[in-house]
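# An overview of the molecular structure
Below, each chain spelled out in residue letters.
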Amino acid sequence: MPYPLLERLRTPAQLRTFDEAELAPLAAELRAFLIESVSHTGGHLSAGLGAVELAIALHYVFNTPEDRLVWDTGHQCYPHKILTGRRAAMGSLRQKGGLAGFPKRDESPYDTFGVGHAGTSVSAALGMALAHALKTPSPPGGGKGEGTRKTVAVLGDGALTAGMAFEALNHAGDLGADMLVILNDNDMSISTNVGGMSNYLARVLSGKVYSTMRERSKKVLGVMPPVWELARRAEEHMKGMVIPGTLFEELGFNYIGPIDGHDLPTLVKTLRNLRALKGPQFLHVVTRKGKGYAPAENDPCSYHGVAAFDPDSGAPRSKSGGAPSYTQIFGDWLCDMAARDERLVAITPAMREGSGLTRFSEHYPARYFDVGIAEQHAVTLAAGLACEGLKPVVAIYSTFLQRAYDQLIHDVALQNLAVLFAIDRAGIVGPDGPTHAGSFDLGFMRSIPNMVVMAPTDANECREMLTTGFMYDGPAAVRYPRGPAPCTVLQSGANSLPLGKARLCREGKGVALLVFGALLEPAMEAAQALNATVVNMRFIKPLDEVMVMQLAAQHALLVTLEDNAVQGGAGSAVNECLAAQGLGNTIINLGLPDAFLDQGTRAELLAACGLDTGGILRTVRKHFETQCQVAPVKVK
């Protein structure tokens, strides 16, 4: 498909030379290109389709990158990437060495802030606005400097459920910061009233005549406080009758909207008016997820994040099959256990589909709690439920549990409450890159008193560990990776495991491979070539110290394997165990390096970290080539 307008556009500066009448056809081209591109690479689709006109209007009105534009979370950023010189590279999206799936500072000067977690944009944009004011020379006679650079934060309605967003809004309003916050609301329907009357009011309320009258009346009536307060409240009541902005006005923002986020003339006019205003401004735009692509409009949730698909039908290019995913295993276990134990309740911070909770939410709606993007609240809510004798299960991605670390320690573990954490996307996550990697959970959990931490190697063991954690009278965590769970015959039931007991998988000589979690398969393959012992350690905490001592007594070399940061991880627990016993065994810790890994497939990244079969073999063989003092071990 030809894209004549996109072909003319290499930078936003070129976009700003377009006639305003060309913007609507440009939006049509951009939307078509986005569908075509993501259909080959996969990625986040619905949110980007809904933000096409907004991205065009922002880069058309604001002088980016000099004006700072901060996108929240980044799901909606693909149109922004295309408009800022990266259209030709979109075929490499979320691939090793290619474009990141989220805004990334070292990828483009137009990506002013790296994001991936929700609710951060207003805080970052406020910092940028304050920095600009501080670096701008003060006017004669003192006072705050006022530069010409503008700062804009764009956040989705989902991000408003993150407490951090409101903390930043409250602070920005209190400071009177010169910035614009845009709420991209794709959860409302655009009614006739919103599209017509509200668009008109937005243009009036953001215009110079209204703002000038408002400021002058403030000065005149300011000397008569009771009269000014009456006028202020009258204005609030007038706006509150037709627009839902009273909350943001109370936070100190001048609220405009809601307006149709697909109406380019209204968007451009309103943004131009707002660019000319000083102080904290809040623009509420209403968009439709999946706009312009029928399958995504009809089912925006399924097209939030997609694999490669046929753009004509919307069907995936490759059929799903094979082993069930760890996410599916968890979802099925949850429903099975809920049928057995009515005390079970499930909590998720806005990740119902991603965490495998859809069936549970439909079968047990009264026992299902989606708290929105509020990880801290999710964990403390679970603590409160546990105080009353219920058995909460918190389904959460590893990367998002980081946001609730204080609550995990202070509200759950300190009180030794029986909360089970089902931690998905642990370790390497692949195409989503470093913002979503679950690289640190073993390290930050194993240092917490009262915690039990487990990592399964296959589907049946995952079910057994979930049961073990659920039955444990204290905080427990089961962490598992994204992707298929190895399985020969899936058991219908799920027994609990003896606490802190490892399992011997293979007996060998000289070398022992201690596997924590999902790396058992490459360990077994490497062990065949090395004639090594393999142990599935199962528990990171409590560690099976008896097994560690036995292995240390019988093997010259111990090698720990984990899909987690090496520093402070499961291997460190083995090191500490040996040191506490005064043992000087040679030990190699294999895991994720002290670096943030860029995107790629899981297999590519594991290989890059030396955690595939070949990497394990190279490490062990290199050790015996360079450590002559170690008793020789026959290595094939």
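Predicted, not measured: the structure shown is a model, and the values here were computed from it. (Residues numbered from 1 in each chain as written. Predicted model: local features only at pLDDT ≥ 70, side-chain atom pairs only at ≥ 80, totals over all residues. Heavy atoms only, no water.)

## Regarding the overall build of the chain
Summing up its helical and strand segments, the chain has 26 helices and 19 strands in all. By the burial criterion, 56% of the 636 residues in the chain qualify as buried. Counted over contacts in the chain with a minimum sequence separation of 6, partners at least 24 positions apart contribute 75%. (Helix = DSSP H or I, 4+ residues; strand = E, 2+ residues; numbered from the N terminus. Buried < 20%, exposed > 50% of the residue type's maximum accessible area, 1.4 Å probe, protein only. Contact = heavy atoms within 4.5 Å.)

## Some remarks on the packing of aromatic side chains
Overall, the coordinates contain 16 aromatic pairs when judged by the stated rule. With a centroid separation of 6.0 Å and 40 degrees between ring planes, the pair formed by Tyr293 and Phe309 is classed as tilted. Pair noted here: Tyr293 is in the loop between strand 6 (280-286) and helix 14 (294-298) and Phe309 is in the loop between strand 7 (305-306) and helix 15 (326-340), with a separation of 16 residues, a long-range link. Like Phe309, Tyr293 is buried. Between Tyr326 and Tyr480, the aromatic rings sit 6.0 Å apart at their centres with planes inclined by 20 degrees, giving stacked as the arrangement. Here the residue Tyr326 occupies a position in helix 15, and Tyr480 occupies one in the loop between strand 13 (476-479) and strand 14 (503-506), the gap between them amounting to 154 residues. Overall, Tyr480 belongs to the buried group, its relative accessible area being 1%. (Phe/Tyr/Trp six-rings, centres within 6.5 Å; stacked < 30°, edge-to-face > 60°.)

## Observations concerning the pairing of strand 11 (residues 420-424)
For strand 11, a buried count of 5 out of 5 residues is recorded, marking the element as mostly surrounded by other parts of the structure. As paired strands, strand 10 (residues 391-397) and strand 11 are joined by 5 bridges and run parallel to one another. Bridge pairing in strand 11 links Val393 to Leu420. Alignment of strand 11 against strand 13, held across 4 bridges, turns out to be parallel. Paired with Phe421 across the bridge in strand 13 is Ala477. (Pairing = 2+ DSSP bridges.)

## As for the sheet that holds strand 19 (residues 586-592)
In a beta sheet, neighbouring strands are held together by backbone hydrogen bonds and run either parallel or antiparallel to one another. The mixed open sheet is built from 5 strands, whose spatial order is 14-16-15-18-19. The open sheet has two edge strands with one neighbour each: strand 14 and strand 19. Pairs of neighbouring strands in the sheet enclose a mean axial angle of 25 degrees, with direction left out of account. (Axes fitted to C-alpha atoms, helices over the stretch in contact; angles between N-to-C directions.)

## Quick word on the packing of helix 5 (residues 52-61) against helix 6 (residues 78-86)
Relative orientation of the contacting elements helix 5 and helix 6 amounts to 40 degrees, with a least axis distance of 8 Å. Considering the angle they form, helix 5 stands oblique to helix 6. The two elements helix 5 and helix 6 cross, and the hand of that crossing is right-handed. Only Pro79, His80, Leu83 and Thr84 of helix 6 make contact with helix 5, whose side of the interface consists of Val52, Ala55, Ile56 and His59. Looking at the contact of helix 5 with helix 6 residue by residue, the classes come out as 5 nonpolar, 3 polar and no charged. (Parallel < 35°, antiparallel > 145°, perpendicular 65-115°, else oblique. Left-handed = near helix turned anticlockwise from the far one by under 90°. Nonpolar A, V, L, I, M, F, W, Y, C, P; charged D, E, K, R; others polar.)

## Thoughts on the packing of helix 15 against helix 21 (residues 459-471)
The relative placement of two packed helices is expressed as an angle between their axes plus a distance between the axes. Viewed as axis vectors pointing N to C, helix 15 and helix 21 meet at an angle of 45 degrees, and their least axial separation amounts to 10 Å. Compared by their axis directions, helix 15 and helix 21 come out oblique. Where helix 15 crosses over helix 21, the handedness of that crossing is right-handed. In this structure, helix 15 uses Tyr326, Ile329, Phe330, Asp332, Trp333, Asp336 and Met337 to contact helix 21, whose residues at the interface are Ala459, Cys462, Arg463, Leu466, Thr467 and Phe470. For the contact of helix 15 with helix 21, a count of residues per class yields 9 nonpolar, 1 polar and 3 charged.

## Examining the environment of Gln14
Following the sequence through the fold, Gln14 ends up in helix 2 (residues 12-15). Given a relative accessible area of 30%, Gln14 falls into the partly exposed group. Remark: the alpha-carbon pair of Gln14 and His59, spanning 45 residues in sequence, is separated by 10.0 Å. Not counting the four nearest positions on each side in its chain, Gln14 is found in contact with Arg8 and Leu9. At 3.0 Å, the side chain of Gln14 and the backbone nitrogen of Thr11 are in polar contact. (Polar contact = N/O pair within 3.5 Å; in protein donor to acceptor, adjacent residues only side chain to side chain.)

## Considerations on helix 8 (residues 163-175)
Over its 13 residues, helix 8 extends 19 Å from the first C-alpha to the last, a length consistent with the 18 Å expected when each residue adds 1.5 Å. Within helix 8, the full set of buried residues consists of Ala165, Ala168, Leu169, Ala172 and Gly173. Around the axis of helix 8, the buried residues are gathered within 130 degrees of arc, so they sit on the same side. Those residues of helix 8 that are exposed and aimed more than 90 degrees away from the buried face are Glu167 and Asp174. Packing partners of the buried residues in helix 8 comprise helix 7 (121-135), strand 3 (151-156), strand 4 (179-185), helix 12 (246-250) and strand 6. (Expected span 1.5 Å × (residues − 1). Arc of directions from axis to C-beta.)

## Points about the confidence of the model for the chain
Chain-level statistics for the chain give a pLDDT mean of 89 and a share of 88% at 70 or above. Low pLDDT (under 50) marks residues 188-194, which in the prediction has 12 contacts with non-local residues, meaning those over four places away or in another chain. Here residues 629-633 is modelled with pLDDT under 50, and outside its nearest four sequence neighbours on either side it reaches 9 contacts, counting other chains as well. (pLDDT = per-residue confidence, 0-100.)

## Examining the side chain of Asp544
Following the sequence through the fold, Asp544 ends up in the loop between strand 17 (539-541) and helix 23 (545-554). Lys501 provides the closest opposite charge to the buried, unpaired Asp544, separated from it by 4.6 Å. Polar side-chain contacts of Asp544 include one of 2.8 Å to the backbone nitrogen of Ala502. The residues contacting Asp544, other than those within four sequence positions of it, are Gly500, Lys501, Ala502 and Met537. (Lys, Arg positive; Asp, Glu negative; His and termini not counted. Salt bridge = Lys/Arg side-chain N within 4 Å of Asp/Glu carboxyl O.)

## Comments concerning the pattern of salt bridges
Evaluation of the coordinates by the stated rule reveals 25 salt bridges. A salt bridge links Asp178 to Lys278, with the shortest nitrogen-to-oxygen separation between them at 3.8 Å. Here the residue Asp178 occupies a position in the loop between helix 8 and strand 4, and Lys278 occupies one in the loop between helix 13 (264-275) and strand 6, the gap between them amounting to 100 residues. Residue classification places Asp178 among the partly exposed residues on the basis of a relative accessible area of 23%. Using a relative accessible area of 44% as the deciding quantity, one classes Lys278 as partly exposed.

## Side note on the side chain of Thr151
Relative to the assigned elements, Thr151 resides in strand 3. With residues near it in sequence (within four places) discarded, Thr151 still touches Arg68, Ala125, Met128, Ala129, Met179 and Leu180.

## Observations regarding the sheet that holds strand 2 (residues 68-71)
Pairing is parallel across the open sheet formed by 5 strands, whose spatial order is 2-3-4-6-5. The outermost strands of the open sheet, each flanked by one partner alone, are strand 2 and strand 5 (254-260). Averaged over neighbouring strand pairs, the angle between their axes works out to 15 degrees when direction is ignored. Sheet strands in contact with helix 7 are strand 2, strand 3 and strand 4, and its direction is about 175 degrees off that of strand 3.

## Quick notes on the nonpolar core
One finds Leu45, Ile56, Leu58, Ile182, Leu271 and Leu283 to be the most contacted residues of the largest nonpolar core, which totals 53 residues. Dropping the residues within four chain positions of it, Ile182 is found in contact with Leu54, Leu58, Val152, Ala153, Val154, Leu155, Leu271, Leu283 and Val285. In this structure, Val371, Leu543, Ala552 and Cys577 belong to the second largest nonpolar core, which totals 50 residues. (Core = buried A, V, L, I, M, F, W, Y, C linked by side-chain atoms within 4.5 Å.)

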